Amino acid sequence: MTGDPATRDTRGAPAGTDPATRDIPGAPAGARPRAGDFLTDLFRSPLDPGYAAAARRRAGRPAPTGVRRATAVGARAAALLGIGFVLAVAHQHVVAAQPQTTRARVGLAADVLARRAETDDLSRRADRLREQVAAERDAALSANGEGARLRDLEAGAGLAAVRGDGTVVRLADAAPPVDPVTGRPSTTNPGRVLDHDLQDVANELWRLGAEAIAINGERLTATTTIRAAGGAILVDFRPITAPYQVSAIGPHDVRSRFVASATAKRFRAYAATYRMQFSVRDRADLTLPAAGEPSLRYAHPIASPVPSASGGGR
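Notes on the structure in this doc start here. (Residues numbered from 1 in each chain as written. Predicted model: local features only at pLDDT ≥ 70, side-chain atom pairs only at ≥ 80, totals over all residues. Heavy atoms only, no water.)

**Structural notes on the packing of helix α5 (residues 195-207) against helix α7 (residues 262-274)**
Logical step 1: The contact between α5 and α7 brings their axes to 10 Å, and the two run at 150°. With respect to α7, the axis of α5 lies roughly antiparallel. Both α5 and α7 take part in a crossing whose hand is left-handed. Where α5 abuts α7, its residues Asp197, Asp200, Val201 and Glu204 lie against Thr263, Arg266, Phe267 and Tyr270.
Logical step 2: For the contact of α5 with α7, the per-class residue count stands at three nonpolar, one polar and four charged. (Axes fitted to C-alpha atoms, helices over the stretch in contact; angles between N-to-C directions. Helix = DSSP H or I, 4+ residues; strand = E, 2+ residues; numbered from the N terminus. Parallel < 35°, antiparallel > 145°, perpendicular 65-115°, else oblique. Left-handed = near helix turned anticlockwise from the far one by under 90°. Contact = heavy atoms within 4.5 Å. Nonpolar A, V, L, I, M, F, W, Y, C, P; charged D, E, K, R; others polar.)

This is how it looks when you write it as structure tokens:
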């Protein structure tokens, strides 16, 4: 089907409608405004018709009512309640597992205390039996005078208690430095007494002629070990705590000689630099206990003699 080109535009608009005026709102059918009127309307209504229609719809929409605000508040409250419920359930699970850990820790601590009490009781029984054995032995050896000599040997070896005037060297940890950033005590303390510090003091006292030495009541012998285990110091596998007192019975001038020694000078430097506590004083009528019974080791002859090396050269 064809039509007269004069009565149909190129976009299929009805006859008599100007393409320049059919999309303008409010334009009368068949009107052909002049170019000046089109520019005036463009500047008068610069907003696109679609945006203008959307603005009119928003302007005609009612504002949110109190019911809607209450609904929004209720939704937020429900969300917070749900989050709180989840946190409460997680906390309950953590707390439920806590009693088992606490019971295990308490059980281990009670077991350690019980074993320690049992060990102390056995040690006291061993000391009483040792005294009985020593009394019976002295009675048997009193006839030939060997009992006194044996007691002197035991005292020198640390297997008998001794009493006399001596010197006490006291060592204690310095207060831990405070971290300037956190304000808490630092984990590193250069003024802390270490196991080799006690070794140095004991060795110096032995060198100066001490006849008997004990650290916090633990008697030292030729086989005594002074070692660190974690944060504790062990003397013959027995833990000792600060302050540490190294008691020595020996010559009357052992204190003055120890104070003048290089070991004492080094510890005075520790005290001045790191605030370690260090002091030396005389003590009259010291009593040092006996050491524990040593573990005896015996040598056994080998089954067959070792073949001697051949004297011939290669």
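So, next bit.
**Topic: the sheet that holds strand β3 (residues 218-219)**
Logical step 1: On the basis of which strands lie adjacent, the open sheet formed by five strands has the order β3-β2-β7-β1-β8 and antiparallel pairing. Edge strands, defined here as strands with exactly one partner in the open sheet, are β3 and β8 (277-288).
Logical step 2: Where strand β1 (residues 162-172) lies against β8, ten bridges are found, and the strand directions are antiparallel. The residue of β8 that forms the bridge with Thr167 is Asp282. (Pairing = 2+ DSSP bridges.)

**A look at a nonpolar patch on the surface**
Logical step 1: On the surface, Leu80, Ile83 and Leu87 cluster together to form a nonpolar patch covering roughly 340 Å² of accessible area.
Logical step 2: With respect to the element layout, Leu87 can be found in helix α3 (residues 66-141).
Logical step 3: On the accessibility criterion, Leu87 (57% relative accessible area) is exposed. (Patch = residues over 30% accessible without salt bridge, like charges linked within 9 Å, V, L, I, M, F, W, Y side chains within 5 Å. Areas by Shrake-Rupley, 256 points an atom, 1.4 Å probe, with all protein chains shown as cover. Salt bridge = Lys/Arg side-chain N within 4 Å of Asp/Glu carboxyl O. Buried < 20%, exposed > 50% of the residue type's maximum accessible area, 1.4 Å probe, protein only.)

**Some details on helix α4 (residues 146-157)**
Logical step 1: Compared with an ideal rise of 1.5 Å per residue, which puts twelve residues at 16 Å, α4 spans 17 Å between its outermost C-alpha atoms and is within 8% of the ideal.
Logical step 2: Those residues of α4 that sit buried are Gly147, Glu154 and Ala155. Seen end-on, α4 carries its buried residues on one side only, within an arc spanning 100°. Residues of α4 that are exposed and point more than 90 degrees away from the buried face comprise Arg149, Asp152, Leu153 and Gly156.
Logical step 3: Directly beyond the C-terminal end of α4, a positive phi value near 90° is found at Gly158. (Expected span 1.5 Å × (residues − 1). Arc of directions from axis to C-beta.)

**Considering the sheet that holds strand β6 (residues 238-240)**
Logical step 1: Strand order in the open sheet made by the three strands is β4-β5-β6, with antiparallel pairing throughout. Every other strand in the sheet has two partners, leaving β4 (226-229) and β6 as the edge strands with one partner each. Pairs of neighbouring strands in the sheet enclose a mean axial angle of 40°, with direction left out of account.
Logical step 2: Examined bridge by bridge, strand β5 (residues 232-235) and β6 share three bridges and lie antiparallel to one another. Pairing of Leu234 across the sheet is with Pro239, part of β6.

**Overview of the pattern of salt bridges**
Logical step 1: Under the counting rule described, the total for this entry stands at five salt bridges.
Logical step 2: Across the pair Arg124 and Asp121 runs a salt bridge, and its minimum N-O distance is 3.9 Å. Here Asp121 and Arg124 lie together in helix α3, a separation of three residues that amounts to about one turn.
Logical step 3: A salt bridge links Asp285 to Arg163; its shortest N-O distance comes to 2.6 Å. Placement of Asp285 in strand β8 and of Arg163 in strand β1 is noted, with a sequence separation of 122 residues between them.

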